Amino acid sequence: MTSPLTDILFRPDAFFENILAGHENLKIPALIILAGGIIAAVLGYLMGEQPATMMAGIMPGMDTIVLITAVVGAFLGTFIFWLIVAGLFYIISILFKGEGSFNRTLEVVGYGYLPQVIGSVITLIAAIEYLPRVAIPALTKSALEDPAMIEAATTALMHDPAMVEFTQISTLIAIVFMLWSANIWIFGMKHARGLSPRDAAICVGVPVVLYVIYVIYTLGAM
Amino acid sequence: MQKTRILLCSLLILLLAAGIGPAYAYSTPESIAAAGKVYVDNVSYDPNAFFSGDIGTASYTVKNGNTDLGVVVNHATLSDPSQKFSMIGGDHQSSAQIGPGQSHTFTFTVRADGSDGFYYPVFSLSFRDADNLFAREMVRIDNTPLLLTIKDKPDAFTAGKKKTVYLEVANPRVNAVENVILEVSGQGAEFTPSRIYIGSIGPGKTALVNFSVTPNSEAPVLMTLHYDNGNNPHEVTKELPIVFGIDKKAAEPVMSNVQVKNTGGTWHVTGDVNNAGLETANTVIVTSLPPAVPEDPYKVYVVGALKPDDFGSFEITFAADGVESVPVKLSYKDADGNVYDTIQDVRISTGLSLTTTSDSGGFPVMPVAAAIVIVLVFVGGWAYYLRRNRK
């Protein structure tokens, strides 16, 4: 007897076979997304402190604006991600004559987001370890008239050794847990939209792999 | 009866006077021989060597070398045939008796009218019962003044900073000078002391003196050396130019390793202060100047004393809005308590305030490789899974 939580992570095929046999229920997926959103918000706060401190000198309250934007953006971004990914999978699955409601797809994507919640927790621990070591450049009011100054400061911030190390670690974590999610989503889409394993793998794998390739590219381009 | 006795006595005295008196007023072989044993025993001039124009005294001591006869002298003069010395007082016209073995000193007031050289004024003494005595003794006119030499002085003066000047006073004359006093004066400067009493300096001797000067402007310092040659005042002057410049030995605190960080709107500037000078910098203080507004906890940072080549760290905190750079003042005191300030601008905008390195280590091979491997494992795993399921 295994718990539903471990089934999502390690036996997704069986999990979705059972869960999707019943009625549509977005409560648990929404809670998973909410948990991910809260952790992302905390992570956003930690990561937003760097640019907020950097821009504090530009104008009074700038740091607060940056921090609020980072926190709210990270929180809402998780829900937006949920919708976009579900929509993308849903649209692609139409090409494979998939059947099933969009809510089912949302449900699947929500469940499948669980590994990324775990990944966010690990990233959060790494952030607590690395981010305080980042030396933050400072901008003044004159930066408003000189975008190059902001760009230079941002580049300097991103090229800080601690920041670079943190970015590399967090990117690897994100890729691992994104692929883990993709694994869950494939089985989920198979059941939610009645796709063959191959079609489900293409439906989920193509956008996810493309996304991961893009992430690897940005990592290399840093 | 008594009147007759008084009259007889008076007559006898008159007879004695008439008979004996004329006998002493004339030269006799004995009186000439006696005069021959009278000689000038000692001659002294005060001062020993005259400056031209000096007034002094000449003392001739005449001794009667007879053991049993006195001599009567009645006219003593001093004259200089070259007329380089003038007797301006002390002409002895009265008679005086010099007993056997006794001495008598004749003092004249003289004035040196000539230039540098050796002169031989003539002393003459008339005997009542014989001829005259003549004596010529050397006296010198020497116009060599005292020498005032600067032995040591600062390489450069700084406004308001006390510095010591070391002098040597030398007496190259053949006689001692007295009441030597050094007087220092100048505009816009303070001297400690302004008058120094040195006293007497013997011939060929030197005396060391020093004074401190605190200049406030570049006005020369006038050093006047007053001294007496006998009773004649003389002076020699020397000018010491005051030129403000960089003291090559002064302490020279320099800020380095300056790092700027902004935390919550408060700027933190940290760095080191190195003393690149040759003197100790006391009470080194670092603070920010307007437009920056110093803020706690480090409005002012006292580094303390820094010996040459020593260094200390500092940290200051301040608020500064809308400025590219902030002047940071570094002040210290020298051994005399004079305060010196140096101001250095510290950029707080992006450019120089960065404490990070732009070198990110190049292309991140390992992370990218790891990511690619992960993706390949994922894709490969699924490809394998799908192929197996198809069978």
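From a predicted model like this one, the values you see are computed outputs, not experimental measurements.

Asks: How should I be thinking about the overall build of chain A in this particular structure?
Replies: Broken down by element type, chain A carries nine helices and zero strands. In chain A, which comprises 222 residues, the proportion classed as buried is 50%. Expressed as a percentage of contacts within chain A between residues at least 6 apart in sequence, the contacts between residues at least 24 apart total 77%.

Asks: I'm lost on the overall build of chain B in this one. Help?
Replies: Helix and strand content of chain B: four helices and 27 strands. Relative to its full complement of 391 residues, chain B shows a buried share of 26%.

Asks: Just checking my understanding: could you explain the sheet that holds strand 9 (residues 122–127) of chain B for this structure?
Replies: Residues and elements named next belong to chain B. Spatially, 6-4-9-10 is the arrangement adopted by the four strands of the open sheet, whose pairing is antiparallel. Here the strands that pair on one side only, and so sit at the sheet edges, are strand 6 (96–98) and strand 10 (132–136). Pairs of neighbouring strands in the sheet enclose a mean axial angle of 35 degrees, with direction left out of account. Alignment of strand 4 (residues 71–79) against strand 6, held across three bridges, turns out to be antiparallel. Paired with Val73 across the two strands is Ala96, which belongs to strand 6.

Asks: What should I look at first to understand the nonpolar core in this one?
Replies: If you look at the biggest cluster of nonpolar residues, it comprises 74 residues, and the most contacted ones within it are A:Phe89, A:Val109, A:Trp185, A:Met189 and A:Val204. Ranked by residue count, the leading element in this core is helix 8 (residues 161–192) of chain A, at 18 residues. Leave out the neighbours within four places in its chain, and A:Val109 touches A:Trp82, A:Val85, A:Ala86, A:Phe89 and A:Trp185. Counting residues in each nonpolar core, the second largest holds 26 residues, with B:Val73, B:Leu125, B:Phe127 and B:Ala130 among its members.

Asks: Just checking my understanding: could you explain the pairing of strand 13 (residues 163–170) of chain B for this structure?
Replies: Looking along a regular strand, one sees the side chains alternate between the two faces of the sheet. Residue and element names in this part refer to chain B. Here strand 12 (residues 147–152) runs beside strand 13; their pairing, made up of five bridges, is antiparallel. Its bridge partner lying in strand 13, Leu148 is registered against Val169. Two elements, strand 13 and strand 17 (residues 206–215), share eight bridges in a ladder whose sense is antiparallel. Its bridge partner lying in strand 17, Val165 is registered against Phe211.

Asks: For this particular structure, what's the right way to read unusual backbone geometry?
Replies: A negative phi holds for most residues other than glycine; trans holds for most peptide bonds. All names here are of chain B. Each neighbour pair has its own omega, and for Asp46 with Pro47 the value is 0 degrees, a cis peptide bond. Position of Pro47 relative to the elements: it lies in the loop between strand 1 (38–46) and strand 2 (49–50). Cis geometry is adopted by the peptide bond preceding Pro193, which originates at Thr192 and carries an omega value of -10 degrees. Along the polypeptide, Pro193 turns up in the loop between strand 15 (189–192) and strand 16 (195–201). Non-glycine residue Asp309 carries a positive phi angle of around 70 degrees.

Asks: Even after reading the chapter, I still don't get helix 9 (residues 197–220) of chain A, so can you show me in this structure?
Replies: In an α-helix, one full turn covers 3.6 residues, which means residues spaced three or four apart are oriented alike. The end-to-end C-alpha distance of helix 9 of chain A, which contains 24 residues, comes to 32 Å, matching closely the 34 Å that a straight helix rising 1.5 Å per residue would cover. Taken together, the buried positions of helix 9 of chain A are occupied by A:Asp199, A:Ala200, A:Ala201, A:Ile202, A:Cys203, A:Val204, A:Gly205, A:Val208, A:Val212, A:Ile216 and A:Leu219. On its buried side, helix 9 of chain A packs onto helix 4 (62–95) and helix 8 of chain A together with helix 4 (365–390) of chain B.

Asks: In this structure, what is going on with the confidence of the model for chain A? I would like to understand it.
Replies: Low-pLDDT portions of the prediction should not be read for the details of their coordinates. Chain-level statistics for chain A give a pLDDT mean of 88 and a share of 94% at 70 or above. Within chain A, helix 7 (residues 147–158) of chain A has the poorest average pLDDT of any element, 74, and helix 5 (residues 102–112) of chain A the best, 94.

Asks: Mind showing me how you'd approach the packing of helix 8 of chain A against helix 9 of chain A here?
Replies: When two helices pack together, their arrangement is given by the angle between the helix axes and by the axis-to-axis distance. All names here are of chain A. Close contact between helix 8 and helix 9 brings their axes to 8 Å; oriented N to C, the two are set at 170 degrees. The orientation of helix 8 with respect to helix 9, classified from their angle, is roughly antiparallel. Only Pro197, Ala200, Ala201, Cys203, Val204, Gly205, Val208, Val212, Val215 and Leu219 of helix 9 make contact with helix 8, whose side of the interface consists of Gln168, Thr171, Ala174, Ile175, Met178, Leu179, Ala182, Trp185, Ile186, Met189 and Lys190. Residues that form the contact of helix 8 with helix 9 fall into these classes: 17 nonpolar, three polar and one charged.

Asks: Can you walk me through the sheet that holds strand 5 (residues 85–89) of chain B in this structure?
Replies: Note on sheets: strands pair through backbone hydrogen bonds, and any given pair is parallel or antiparallel. Residue and element names in this part refer to chain B. Taken together, the four strands give an open sheet; going across it, the order is 1-3-7-5, and neighbouring strands pair in antiparallel fashion. Pairing within the sheet leaves two strands with one partner each, and these edge strands are strand 1 and strand 5. When strand polarity is set aside, the average angle formed by the axes of neighbouring strands in this sheet is 35 degrees. Both strand 5 and strand 7 (residues 103–112) contribute to a ladder of four bridges, which runs antiparallel. Looking at the pairing, Gly89 lines up with Thr109 of strand 7.

Asks: Explain the pairing of strand 27 (residues 339–347) of chain B here, please?
Replies: Two strands pair when backbone bridges link them, and strand 26 (residues 325–333) of chain B and strand 27 of chain B are joined in this way by nine bridges, in the antiparallel orientation. Within the sheet, the bridge partner assigned to B:Val328 lies in strand 27 of chain B and is B:Gln344.

Asks: Help me understand the environment of B:Asn216, please; the structure alone is not making it clear to me.
Replies: All names here are of chain B. Examined against the element boundaries, Asn216 turns out to sit in the loop between strand 17 and strand 18 (221–229). Taking the C-alpha atoms as reference points, Asn216 and Glu190, 26 residues apart in sequence, are found 8.2 Å from one another. Excluding anything up to four places from it in sequence, Asn216 contacts Ala159, Gly160, Gly188 and Ala189.

Asks: I'm lost on the confidence of the model for chain B in this one. Help?
Replies: Residues and elements named next belong to chain B. With 88% of its residues at a pLDDT of 70 or more, chain B shows a mean pLDDT of 82. Within chain B, the element-level pLDDT minimum falls on helix 3 (residues 350–353), averaging 41, and the maximum on strand 2, averaging 94. Note on residues 14–24: pLDDT is under 50 here. Beyond four places in sequence and across chains, it has one contact. Every residue in residues 350–360 is under pLDDT 50, and counting partners more than four places away or in other chains gives 29 contacts. Reported for the predicted complex are a pTM of 0.47 and an ipTM of 0.84.

Asks: Quick question: what am I supposed to make of the environment of B:Glu178 here?
Replies: Its place among the elements puts B:Glu178 in strand 14 (residues 177–185). Not counting the four nearest positions on each side in its chain, B:Glu178 is found in contact with B:Ser200, B:Tyr227 and B:Asp228.

Asks: Help me understand the environment of A:Met178 in this model?
Replies: Residues and elements named next belong to chain A. Examined against the element boundaries, Met178 turns out to sit in helix 8. For the pair Met178 and Gln116, spaced 62 residues apart in sequence, the C-alpha to C-alpha distance is 6.3 Å. Once residues within four sequence positions are removed from consideration, Met178 is found in contact with Gln116, Val208 and Val212.

Asks: Just to check I follow, could you spell out the packing of helix 8 of chain A against helix 4 of chain B for this structure?
Replies: Between helix 8 of chain A and helix 4 of chain B, whose axes approach to 10 Å, the crossing angle comes to 0 degrees. By the criterion of interaxial angle, the relationship of helix 8 of chain A to helix 4 of chain B is roughly parallel. For the pair helix 8 of chain A and helix 4 of chain B, contact is made by A:Gln168, A:Thr171, A:Leu172, A:Ile175, A:Val176 and A:Leu179 and by B:Pro367, B:Ala370, B:Ala371, B:Ile374 and B:Phe378, respectively. The residue inventory of the contact of helix 8 of chain A with helix 4 of chain B, partitioned by class, reads nine nonpolar, two polar and no charged.

About the thresholds
- Residues numbered from 1 in each chain as written.
- Chains lettered and ligands numbered in written order.
- Predicted model: local features only at pLDDT ≥ 70, side-chain atom pairs only at ≥ 80, totals over all residues.
- Helix = DSSP H or I, 4+ residues; strand = E, 2+ residues; numbered from the N terminus.
- Buried ≥ 20, exposed ≤ 12 C-beta atoms within 10 Å, placed from the backbone.
- Contact = placed C-beta atoms within 7 Å.
- Pairing = 2+ DSSP bridges.
- Axes fitted to C-alpha atoms, helices over the stretch in contact; angles between N-to-C directions.
- Core = buried A, V, L, I, M, F, W, Y, C linked by C-beta atoms within 7 Å.
- Expected span 1.5 Å × (residues − 1).
- pLDDT = per-residue confidence, 0-100.
- Parallel < 35°, antiparallel > 145°, perpendicular 65-115°, else oblique.
- Nonpolar A, V, L, I, M, F, W, Y, C, P; charged D, E, K, R; others polar.

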